[in-house]
Amino acid sequence: MSSSPVVEVSGIRKTYGSTVAVDDVSFEVQEGEIFGLIGPNGAGKTTTMECVEGLRRPDAGRIGVFGLDPIADARALQTRIGVQFQQAELQKRIKVREAVELWASLYDTPVDAARLLDQLGLTEKRDARFMTLSGGQKQRLFIALALINDPELVFLDELTTGLDPQARRAIWELVRDIKHRGKTVFLTTHLMEEAERLCDRVAIIEHGRIVDHDSPDGLIARHCPQRRIVVATSHAGAADAFGRLAPVDGVATEGDELTVTGQGDDLVTAVIHAISEHRMQVTAFRTENPTLEDVFLTLTGHSIRD
Ligand SMILES: Nc1ncnc2c1ncn2[C@@H]1O[C@H](COP(=O)(O)OP(=O)(O)O)[C@@H](O)[C@H]1O
Ligand SMILES: [Mg+2]
């Protein structure tokens, strides 16, 4: 028997006046996975997450969290879920240690605060005031607060927005750590790279509707199976040689640079064999694999960065 999902969302809808923020959204989050609700700004990610957290009541549809109702059973869920606080909710002058102790006091069985600060790399900053922390340190503190009650399910909304690439990577490691400690993570992001690196499964949301959901690899394989290989060579007949290979769909030539497109696991090997067989002198070679950004473009007809 497979265990039932940690989160079950079925046909939820939420409007603000005439704005339909979330429209017939359904998905499940499985135990122990990192699940991402991903899409551009304004797509309905935060609204959906807040409905699952029990902070907003959907106009229609059903939500189960551990089989409980997020609003009616809020008290029972309080000890089992961890919600990331938003910037505005912390006093500027509060010290890191004080914030953690304050949040710990809200729960009967909080985790060890010192150990938590250590896990999140904040031990040195425990006496620093919130307003003096860097963006990455603030986000680490928010993760610490979300973990204070040792929850089974953690909600993280746009956790790395505004962080530089290095701080972002550090946060990704912390989120992986949360998963490795056996917890389920439900996150939102508009960063496709983040989703691809971090999430076991994602649901793509746009204009309040789920466009598709699967593992990142599964989405890429289904929607963007084509790979590209860029080869720089002045070898005459290179384009013809590549064009004859079975996995190759097409070859585009621009000066000395050939872009070979094709599908399947044999593509790269076939191209390398052809280079060797024809003794081509190659000055550059790179493969370009499709990403979740390409999936988004294919599914919606526009780039997520627009
Ligand atoms: N409190 C609110 N009142 C009115 N409209 C809102 C409110 N919150 C969000 N919206 C609107 O609902 C839509 C979805 O917003 P949101 O859920 O915040 O999306 P995301 O988190 O993906 O950026 C947007 O059009 C947004 O402007
Ligand atoms: Mg949002």
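Okay, so let's go over this structure. These numbers were taken from a predicted model, which means no experiment stands behind them.

## Topic: the overall build of the protein chain
What the protein chain contains, in helices and strands, is 11 helices and 13 strands. Dimensions of the protein chain along its principal axes, counting C-alpha atoms only, are 75 × 45 × 45 Å. Per-residue burial for the protein chain yields a buried fraction of 45% across its 306 residues. A total of about 15,600 Å² of accessible surface is found on the protein chain, and carbon and sulfur atoms cover 45% of it. Averaging the coordinates of the 34 positive side-chain charges in the protein chain and doing the same for the 46 negative ones gives two points 6 Å apart.

## Remarks on the packing of aromatic side chains
Enumeration according to the criterion identifies 5 aromatic pairs in this entry. Seen from their ring centres, F27 and F35 are 5.2 Å apart, and the 10 degrees between their planes marks the pair as stacked. The same class applies to F27 and to F35, which are both buried. Between F27 and F186, the aromatic rings sit 5.6 Å apart at their centres with planes inclined by 65 degrees, giving edge-to-face as the arrangement. With F27 in strand β2 (residues 19–29) and F186 in strand β7 (residues 184–189), this residue pair connects regions lying 159 residues apart in the sequence. Taken as a pair, F27 and F186 share a single burial class, namely buried. Chaining the aromatic ring pairs together yields one cluster made of F27, F35, F155 and F186. Over the aromatic face of F66 sits the side chain of R80, whose NZ or CZ is 4.0 Å from the ring centroid. Above the face of the F130 ring, K138 is positioned so that its terminal group lies 5.2 Å from the ring centre.

## Quick notes on the sheet that holds strand β1 (residues 7–16)
The sheet built from 3 strands is open, its strands ordered β2-β1-β4 with antiparallel pairing. In this open sheet, the two strands that pair with only one neighbour each are β2 and β4 (60–65). With strand direction ignored, the average angle separating the axes of adjacent strands in the sheet is 25 degrees. Note that β1 and β4 share 5 bridges and pair antiparallel. By the bridge assignment for β4, R13 is matched with A60. The strands that helix α1 (residues 45–53) touches are β1, β2 and β4; relative to β1, the one it contacts most, it runs at about 120 degrees.

## Brief notes about helix α3 (residues 96–104)
Every buried residue of α3 is listed here: V96, A99, V100, W103 and A104. For α3, the angular spread of buried residues about the axis comes to 130 degrees, placing them on one side. Turning to α3, the residues buried within the fold contact α4 (113–119) and α5 (135–146).

Analysis parameters
- Every residue gets a number counted from 1 within its own chain, in the order that chain's sequence is written.
- Each chain takes a letter, starting from A, and each ligand takes a number, starting from 1, following the order in which they are written.
- The predicted nature of this model means local features are confined to residues of pLDDT at least 70 and side-chain atom pairs, given and counted, to a pLDDT of 80 or more, with totals for whole chains, interfaces and linings taken over all residues.
- Water and hydrogen atoms were dropped before computing side-chain values, which therefore reflect all heavy atoms in the structure.
- By definition, any uninterrupted DSSP run of H or I lasting at least four residues is a helix, any uninterrupted run of E lasting at least two residues is a strand, and each is numbered from the N terminus.
- Per-residue accessibility, obtained with a 1.4 Å probe over protein chains only, is compared with the maximum for each type, and a residue is labelled buried under 20%, exposed over 50%, and partly exposed between these values.
- Computed by Shrake-Rupley with a 1.4 Å probe, the accessible areas treat only the displayed protein chains as cover when residues are assessed.
- Charged residues are defined here as Lys and Arg on the positive side and Asp and Glu on the negative side; His and the ends of the chain fall outside this count.
- The atom standing in for a charge is NZ when the residue is Lys, CZ when it is Arg, CG when it is Asp and CD when it is Glu.
- Side-chain rings of Phe, Tyr and Trp (the six-membered ring for Trp) are treated as a pair once their centres are within 6.5 Å; stacked means planes under 30 degrees apart, edge-to-face means over 60, and tilted covers the remaining angles.
- Whether a charge sits over a ring depends on NZ of Lys or CZ of Arg being within 6 Å of the ring centre and within 35 degrees of the ring normal.
- A pair of strands is treated as paired once DSSP finds two or more bridges between them.
- Axes here mean lines fitted to C-alpha atoms, for a helix over just the part in contact, with angles spanning 0 to 180 degrees between N-to-C directions.
- Contacts between residues were defined by any pair of non-hydrogen atoms, one from each residue, lying within 4.5 Å.
- By construction, the arc corresponds to the directions joining the helix axis to the C-beta atoms.

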